[in-house]
Amino acid sequence: MKSVRVKAPGSARKPASRLKGNNMLSKDPVQVYCRLRPMQHPTDVPCMKVISDTTVVITPPESAINFRNSSQKEIQTIFSHVFRPDATQKEIFNVVALPLVENVIHGKNSLLFTYGVTGSGKTYTMTGEPQNAGIMPRCLDVIFSSIANYQTKKFIFKPDKLNGFDIQGEADAMLDRQNELHAGLMMQRGGKSGKLRKPESDGDSNPMIIHDIDKSQTVQIDQDNVYAVFVTYVEIYNNSVYDLLEDEDIKSRTLQSKIVREDGNKNMYVHAVTEIEVKSSEEAFEVFQRGQRKRRVAHTALNAESSRSHSAFTIRLVQAPLDCEGEQVIQDKRVVCITQLSLVDLAGSERTNRTKNTGQRLREAGNINNSLMTLRSCLEILRENQLQGTNKMVPYRDSKLTHLFKNYFDGEGQVRMIVCVNPRTDDYDETIQVMKFAEMTQEVQVARPTITKIDLGFTPGRRQANKLFKEARSKLERGGRPEAADLEVDIGLVYSLGGPFPELEVNSARNDQIISSLMHFLEQRINKRNLLRADLQQKQNDLRKMLMTVEQEHMNLKVENASLKAANSQQKKKVSALEGHLCKTEEQIDNLLRKLNHANDTIRSLQQELKDRDMALNQRLIDKQRVKQKYNTKIQAETDKMNRELEIKLRQQREHLQNQMKEKDDKLRLVKQILVDDNGINSASNVHKDDVTATPSCAEATTKASDCRSRRDKALVANQRYRRSQSADRWIDHRPGALVPVGTVLQPLMRRRRSVTRLTDPKEITDGASRYCLVAQEHDTDGELETKLFKGDIIPTSGGGAQVVFNDMECLKQLSPKARKRSGPPDAENINEVGIINHSPTLTEIHSKRPRVTNLQR
């Protein structure tokens, strides 16, 4: 922590808290605030009551340890402010933390503690939740909102590893930015990870994003300065300091403890701590989240995620003035002002008999309580030294917590504390100790820090003035004034010898310090006077030269003015002639405008007429569609009616066809019986009803054959040794004339045939033919057309005649894919609108059977 007071060369400086006497009036007490946590369960009984904005009344319960020995029934504790359980995070920030942020921006250090027992809401108050941000995110947002337009580029300010900062030029800063970008690319490609690598997530890859922040809240700043923000995050665990932003050791995978040292200005800092420059509140909070993952937390009987260490998140604001022209940072380390805001989340004080800790947790609880006890002892000794005038040594070094923040209590910044309490009766014994510590802390006086900056004598507002001058010069250049590029702005110095004289009264042993400070003040005053004299002399010389130049320009302008007057008279004549021409042109324009308006009116009327016709046409189309829909409905009703009537007719026709088929079957059985009687031997004619279907053509052939046999006294015997040539087959294709053409692809294969329609002479069979085919057609039981081919061999008989032996039968049947079932009515889908059944020859079935032999003799 570097002092906000700039150390001038050769000056001796001591902490303000070591001054005695009148300086006691320049001290302020430590401000302590109290926040009550809401009751977690409806059955919990409170032991606290808020009676005003500053007072809390505590009622000891009967279960308290010292209840019987206590003479007081109620205990009142007064704070700077008491926040009720329903207080919002924004309200707490505005009352407690916003003044600390203003101090940091205006050059003063600040320290804020959250103190309380385990589970009282310290971490929630400091950090908050995504929808309810705490103090730390709101502090970051106010700082960055205030310095948004006045931040330097990255690496202009660079930590010097000794709690200070160096100022780099633009070239060195750009080189560092390139190295950082290269390291980031190497990290993405799997190379060496640099300091700014993205840490591995521990189960939560997305950092918490804060939403509940007022972006418009800002603090007034010095516009002639440039700013940069650096953050550090450390924890004090088991009385050792660890850097939570440091990269873990690859071998040990653990953080290394750090040393607390004192810099050249007697300020305490963590040696070799990681300081990261951030440019936005989101980036800063992401860095905080990275360190938060490494913080040590554990489960206890009182808190599921109890902090096992003290954590300190420090925001360091570095600011430096611009040069006299308001453009570049002054390259002088002495003019850099460094302020910091330390936000400390103390671990909760706890009692072993309640937390049930053992082993490592018990050791952690002991170290936490020891560090808190050391903090309490230091504050008690400070209060005793201030009240009684003693000079006891404050034991800051007994704990790393007090050692790190000792400068704040010595007058290097303002200190505030938030005491978080749980008003439950079960926590009374721990809460009463916290209240006593808070009451004692408010009695400690901390010296007000003073701000001593080196006055360089520059004009305030030079940045804005330089910006306006450049804008005006660029406008002149764009307006055709190239000589504006040579203009230079002279912001100059402020003619003031400084502030009032320091204290001159000598009334104590501090005479040497007063004299030395007076000498330093007079030296600065003399140097400032010499600087102003030289500047005044230079300005006087510049003014003389400027006056001579202006006088010469004035003479030139007089000559130029005379010539311009003569030219002006000629221009007036031309202007008068142009005005007459302009009047005529305006009249023509008015006539054209009237014609244009008339044409526009005509166009609008035609467009309206076209729109009306379109609407009428659309209405006609709608009416036509309605009529069409109406007629379609009527046609559909008539179609359904015709389908039903056609279905009835088809059912009647089917019954009629079935009766005809039954009569034909009776006639076939009669023909079969006649054939059997004529032959005398039932075995000679083994024709089954299923193999040969008698048709009128088949019956005619059978009758003719029977007549031939009746004319002979005895049956003719076939020649059993007759062998016909397969290559010399000739067919008799017997097709009666009443056949319906089949028209299918499947036809019987007969290479050499002779077609006949009627057998009138037996020689038509025996004349050079060896095969016989009889074609017959009939309707099956389903009303479908069925074609049968009876095939046989023509064998010569011993009497010189021939006989036909039927040995094959083929059945061709054409079926529709949508044909109705055998027992059901005809399918309505196969009936068209005029009532005709569609027999589509899409499927042809061929049945081939081997019937028994039938002898037909001449």
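Per-chain numbering applies: the sequence of each chain, read as written, is numbered from 1 onward. In keeping with the predicted nature of the model, local features appear solely for residues at pLDDT of at least 70, side-chain atom pairs appear and are counted solely at 80 or more, and the whole-chain, interface and lining totals rest on all residues. The side-chain numbers reported here are obtained from all heavy atoms of the structure, hydrogens and water having been left aside.

Asks: Describe the overall build of the protein chain, with residues and values.
Replies: Within the protein chain one finds 14 helices and 30 strands. Counting only residues that meet the buried cut, the protein chain has 40% of its 858 residues in that class. Across the protein chain, the fraction of contacts at a sequence separation of at least 24, relative to all contacts at a separation of at least 6, is 72%. All accessible-area figures derive from a Shrake-Rupley calculation using a 1.4 Å probe, and residue coverage is judged against the displayed protein chains alone. For the protein chain, the accessible area works out to roughly 50,800 Å², and carbon and sulfur atoms hold 52% of it. The secondary structure listing takes helices from DSSP runs of H or I that are at least 4 residues long and strands from runs of E that are at least 2 residues long, numbered from the N terminus. Exposed residues in this analysis have more than 50% of their type's maximum accessible area, buried residues have under 20%, and partly exposed residues fall in between, with area computed by a 1.4 Å probe over protein chains only. By definition, residues are in contact when any of their heavy atoms lie within 4.5 Å.

Asks: Can you explain the packing of helix H3 (residues 135–146) against helix H5 (residues 281–294)? Please cite residues and give values.
Replies: Convention adopted: a line fitted to C-alpha atoms gives each axis, helices being fitted over their contacting stretch, and angles between N-to-C directions are expressed from 0 to 180 degrees. Put simply, H3 and H5 touch, their axes get as near as 9 Å, and they point 150° apart. When the interaxial angle is binned, H3 and H5 end up roughly antiparallel. The chirality of how H3 crosses H5 is right-handed. Within the contact between the two elements, H3 uses Met-136, Pro-137, Leu-140, Asp-141 and Phe-144 and H5 uses Ser-281, Ala-284, Phe-285 and Phe-288. Angle categories: roughly parallel below 35 degrees, roughly antiparallel above 145, roughly perpendicular from 65 to 115, and oblique for all the rest. Left-handed describes a crossing whose near helix is turned anticlockwise from the far helix through less than a right angle; right-handed describes the clockwise counterpart.

Asks: Which residues make up the pairing of strand E2 (residues 31–36), and what values go with them?
Replies: Along a regular strand, successive side chains alternate from one face of the sheet to the other. Burial analysis of E2 places five of its six residues in the buried class, which makes it a mostly covered element. Judged from the six bridges that link them, E2 and strand E22 (residues 413–421) form a sheet pairing that is parallel. Paired with Val-32 across the strands is Met-417, a residue of E22. Only when DSSP finds a minimum of two bridges between them are two strands counted as paired.

Asks: Requested: an account of the pairing of strand E21 (residues 337–345), with residues and values cited.
Replies: Most of E21 sits inside the fold, with nine of its nine residues counted as buried. Residue alternation in E21 divides its side chains into two sets, Cys-337, Thr-339, Leu-341, Leu-343 and Asp-345 and Ile-338, Gln-340, Ser-342 and Val-344, and both sets are buried. Bridging between strand E7 (residues 109–116) and E21 involves five bridges; their strand directions are parallel. Opposite Ser-110, over in E21, you have Leu-341 as the bridge partner. Across nine bridges, the pairing between strand E20 (residues 310–321) and E21 is antiparallel. Counted as the bridge partner of Ala-312 is Val-344 from E21.

Asks: Account for the packing of aromatic side chains, with residues named and values stated.
Replies: Any Phe, Tyr or Trp ring, taking Trp's six-membered ring, that has another such ring centre within 6.5 Å forms a pair; planes under 30 degrees apart are called stacked, those over 60 apart edge-to-face, and the others tilted. Across all of its chains, the model carries 10 aromatic pairs by this definition. When the centroid spacing of 5.1 Å and the interplanar angle of 35° are considered together, the rings of Tyr-233 and Phe-288 count as tilted. Taken together, the positions of Tyr-233 in strand E12 (residues 225–237) and Phe-288 in helix H5 put the pair 55 residues apart, joining distant regions of the chain. We classify Phe-288 as buried; its relative accessible area is 3%. Relative to Tyr-408, the ring of Phe-405 has its centre 6.1 Å away and its plane inclined at 40°; by these criteria the two rings are tilted. Across the pair, Tyr-408 and Phe-405 agree in class, each one buried. Ring-pair connections join several aromatic residues into one group, and the members of that group are Tyr-233, Phe-285, Phe-288 and Phe-313.

Asks: Just give me the short version of the packing of helix H1 (residues 89–105) against H3, but keep the residues and values in it.
Replies: Between two packed helices, what matters for the description is the angle formed by their axes and the separation of those axes. Between H1 and H3, the least distance of the axes is 9 Å, while the angle of their chain directions is 45°. As summarised for this structure, H1 and H3 are arranged oblique, according to the angle between their axes. Crossing handedness for the pair H1 and H3: right-handed. Contacts from Gln-89, Lys-90, Ile-92, Phe-93, Ala-97, Leu-98, Val-101 and Ile-105 of H1 reach H3 at Ile-135, Arg-138, Cys-139, Val-142, Ile-143 and Ser-146. Amino acids outside the nonpolar list (Ala, Val, Leu, Ile, Met, Phe, Trp, Tyr, Cys, Pro) and the charged list (Asp, Glu, Lys, Arg) are all regarded as polar, and Gly is one of them. Residues that form the contact of H1 with H3 fall into these classes: 10 nonpolar, two polar and two charged.

Asks: Lay out H3 in plain terms, naming residues and giving numbers.
Replies: Here H3 spans 17 Å end to end across 12 residues, near enough to the 16 Å set by a 1.5 Å rise per residue. Of all the 12 residues making up H3, 11 are buried; the element is thus mostly covered by neighbouring parts of the structure. Take the number of residues in a helix, subtract one, and multiply by 1.5 Å to get its expected span.

Asks: Residue-level account of a nonpolar patch on the surface, with values.
Replies: A cluster of nonpolar side chains, namely Leu-543, Met-546, Leu-547 and Val-550, defines an oily patch on the protein surface of about 390 Å² accessible area. Topologically, Leu-543 is positioned in helix H12 (residues 511–679). What goes into a patch is any residue over 30% in relative accessible area without a salt bridge, connected to like charges within 9 Å or, for nonpolar side chains (Val, Leu, Ile, Met, Phe, Trp, Tyr), within 5 Å. The term salt bridge refers to a side-chain nitrogen of Lys or Arg lying within 4 Å of a carboxyl oxygen of Asp or Glu.

Asks: Would you mind going over the pattern of salt bridges in detail, with residue names and values included?
Replies: Within the structure shown, the criterion is met by 27 salt bridges. We note a salt bridge from Glu-277 to Lys-279, for which the minimum N-O separation is 3.0 Å. Exposure remark for Glu-277: the relative accessible area of 5% places this residue in the buried category. Between Asp-332 and Arg-334 there is a salt bridge, with its nearest N and O atoms 3.1 Å apart. Classification of Asp-332 by relative accessible area gives partly exposed; the value is 22%. Shared partners join several salt bridges into a network, and the residues in it are Lys-153, Glu-170 and Arg-177.

Asks: A description of the UniProt feature "coiled-coil region" (unreviewed entry) in the protein chain should follow, citing residues and the corresponding values.
Replies: UniProt records the feature "coiled-coil region" (unreviewed entry) for residues 522–609 and 643–674 in the present numbering. Summarising residues 643–674: 100% helix, 0% strand, and an end-to-end C-alpha distance of 47 Å. UniProt positions are given in the numbering used here, feature names are shortened, and annotations may be inferred rather than shown by experiment.

Asks: Kindly report on helix H11 (residues 462–478), identifying the contributing residues and their values.
Replies: End to end, H11 covers 24 Å across 17 residues, agreeing with the expected 24 Å (1.5 Å per residue, within 8%). For H11, the full list of buried residues reads Arg-462, Arg-463, Asn-466 and Phe-469. Seen end-on, H11 carries its buried residues on one side only, within an arc spanning 125°. Exposed side chains of H11 directed beyond 90 degrees from the buried face belong to Lys-475 and Arg-478. To be clear, the arc concerns the directions from the helix axis to the C-beta atoms.

Asks: Summarise the sheet that holds strand E4 (residues 55–58); cite the residues concerned and give the values.
Replies: Across the sheet, which stays open at both edges, the three strands sit in the order E3-E4-E5 with antiparallel pairing between neighbours. What marks the edges here is a single partner per strand, and that holds for strand E3 (48–50) and strand E5 (75–78). Sheet twist, expressed as the average angle between the axes of neighbouring strands with direction ignored, equals 25°. Of the pairings in the sheet, the one linking E4 to E5 comprises four bridges and is antiparallel in character.

Asks: Got a sec to walk through the confidence of the model for the protein chain? Specific residues and values, please.
Replies: As a per-residue measure, pLDDT reflects the predictor's confidence and takes values from 0 up to 100. In the predicted model, the protein chain carries a mean pLDDT of 77, and 73% of its residues have values of at least 70. Of all the helices and strands in the protein chain, strand E29 (residues 843–849) carries the lowest mean pLDDT, 36, while strand E6 (residues 81–83) carries the highest, 95. This model gives residues 355–359 a pLDDT under 50, and the stretch forms 10 contacts once residues within four places in sequence are excluded. A low-confidence stretch, residues 681–717 stays under pLDDT 50, and its non-local contacts, those more than four residues away or across chains, total 59 contacts.

Asks: Tell me about the side chain of Ser-371, residues and numbers included.
Replies: Counting through the fold element by element, Ser-371 comes out in helix H7 (residues 360–388). Excluding anything up to four places from it in sequence, Ser-371 contacts His-310, Ser-399 and Leu-401.

Asks: Tell me what's going on with the environment of Asp-398, and back it up with residues and numbers.
Replies: Topologically, Asp-398 is positioned in the loop between H7 and helix H8 (400–404). Under the relative-accessibility criterion, Asp-398 is labelled exposed at 52%. A sequence separation of 20 residues divides Asp-398 from Cys-378, and the C-alpha atoms of the two residues are 9.4 Å apart. Not counting the four nearest positions on each side in its chain, Asp-398 is found in contact with Asn-239 and Thr-374.

Asks: Lay out unusual backbone geometry with the relevant residues and their values.
Replies: A positive phi angle, close to 70°, is found at Phe-155, a residue other than glycine. Assignment of secondary structure puts Phe-155 in the loop between H3 and strand E10 (157–159). Although it is not a glycine, Asn-163 sits at a positive phi angle of roughly 70°. Along the chain, Asn-163 turns up in the loop between E10 and strand E11 (165–167).

Asks: Give me the state of the cysteines: which residues, what numbers.
Replies: Disulfide: a pair of cysteine sulfur atoms within 2.5 Å of each other. Under the criterion given, the structure shown has zero disulfides. Cysteine Cys-34 remains unbridged, with the sulfur of Cys-420 as its closest cysteine sulfur at 8.1 Å.

Asks: Describe the environment of Asp-733, naming the residues involved and giving the relevant values.
Replies: Among the structural elements, Asp-733 can be located in strand E24 (residues 731–734). Among the residues examined, Asp-733 registers a relative accessible area of 1% and is labelled buried. Between the C-alpha atoms of Asp-733 and Leu-789, which are 56 residues apart in sequence, the distance is 9.8 Å. Once residues lying within four places of it in the same chain are set aside, the contact partners of Asp-733 are Met-750, Arg-753, Arg-754, Ser-755, Val-756, Cys-773 and Val-775.

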